[in-house]
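# Residue-level structural notes
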Amino acid sequence: MHSFPLARPPFVVVEGLDGAGTTTQSRLLLGRLEREGQPAILTREPSDGPIGVLIRQMLSMRVVLPLAEGGVGPIGRETLALMFAADRLDHIDAEIRPALAAGRLVISDRYVPSSLIYQGDVDGSEAMDYSWVQTINERALVPDVTFFLEASTELCLSRLDQRARRDIFETREKMARLERRYDEVMDMLASEGQRIVRLDASAPIEALHEQIFAYIATL
Ligand code: T5A
């Protein structure tokens, strides 16, 4: 167990299905670190940079594109994957690296795993091809630890039901596919040597927070 501030502040990622609680846990962690005297920032992807803002508008269908056959529709899947990768590199340059260099721990609410999971089916089929998404993200800084909030589709939908607005990924069928892919991708990243910590997202908010904080204190 280390005392704060940490000599080398880590880059921490929180991942999970929509509704798993990544935003809740990221915010709680930031507040706790600040109280413990650890300089830290909370950031997210899509980022709040220019490409990230555009992506958020596209996900909520506030920005649509004219289709060749007439009418409008969402941006192409591969183009969206490239936009997420471009946003990530901008995010790393503009926010993540400068914060780490200034001695701040960085918490990112979502990162590369989200691209693998949400954009991994680049041709729109059930067959996954993670390799291209990995290639376009290969310059992304590797996190020191990724907390994966493991949640079922049913749990996430019950939490999201409280909300009026849902984005383009938040339907039962799509989420069930995403749930399976999360498991696959986290195993894949762990086998490549990344530090992945799986947590049961159905646990109470405070209990999850204590597990995350205790882990950070060992880094
Ligand atoms: N995306 C993102 C891609 O497709 N490719 C990429 O490369 C990237 C980076 C982002 C979307 O972009 C996609 C994935 C996403 O679909 P977003 O709105 O930023 O969209 O998505 P999220 O970060 O998932 O935000 P959400 O708000 O949808 O979900 P969270 O953050 O997981 O959930 P949270 O914390 O807001 O909690 C939801 C509700 O559950 C309660 C909370 O109080 C809240 O009401 N809750 C709990 N209740 C009981 N017990 C717990 N343990 C609880 N934890 C939370």
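In what follows, the structure referred to is the one given above.
Residues numbered from 1 in each chain as written. Predicted model: local features only at pLDDT ≥ 70, side-chain atom pairs only at ≥ 80, totals over all residues. Heavy atoms only, no water.

Time to look at the sheet that holds strand E1 (residues 11-16). Spatially, the 5 strands line up as an open sheet ordered E2-E5-E1-E6-E7, and their pairing is parallel. The open sheet terminates on both sides in strands that have one partner only, identified here as strand E2 (40-44) and strand E7 (196-200). With strand direction ignored, the average angle separating the axes of adjacent strands in the sheet is 20 degrees. In terms of strand pairing, E2 meets strand E5 (residues 105-109) through 5 bridges, oriented parallel. If you follow Arg 44 over to E5, its bridge partner there is Asp 109. (Pairing = 2+ DSSP bridges. Helix = DSSP H or I, 4+ residues; strand = E, 2+ residues; numbered from the N terminus. Axes fitted to C-alpha atoms, helices over the stretch in contact; angles between N-to-C directions.)

Here we come to the packing of helix H1 (residues 22-35) against helix H8 (residues 205-216). The contact between H1 and H8 brings their axes to 10 Å, and the two run at 55 degrees. Viewed along their axes, H1 and H8 adopt a mutual orientation that is oblique. Every pair of crossing elements has a handedness; the one defined by H1 and H8 is right-handed. Facing Thr 24, Gln 25, Leu 28, Leu 29, Arg 32 and Leu 33 of H1, the residues of H8 in contact are Ile 205, Glu 206, Leu 208, His 209, Glu 210, Ile 212, Phe 213 and Ile 216. Across the contact of H1 with H8, the residue classes break down as 8 nonpolar, 3 polar and 3 charged. (Parallel < 35°, antiparallel > 145°, perpendicular 65-115°, else oblique. Left-handed = near helix turned anticlockwise from the far one by under 90°. Contact = heavy atoms within 4.5 Å. Nonpolar A, V, L, I, M, F, W, Y, C, P; charged D, E, K, R; others polar.)

Spatial relationships are all this shows, so hold off on functional conclusions.
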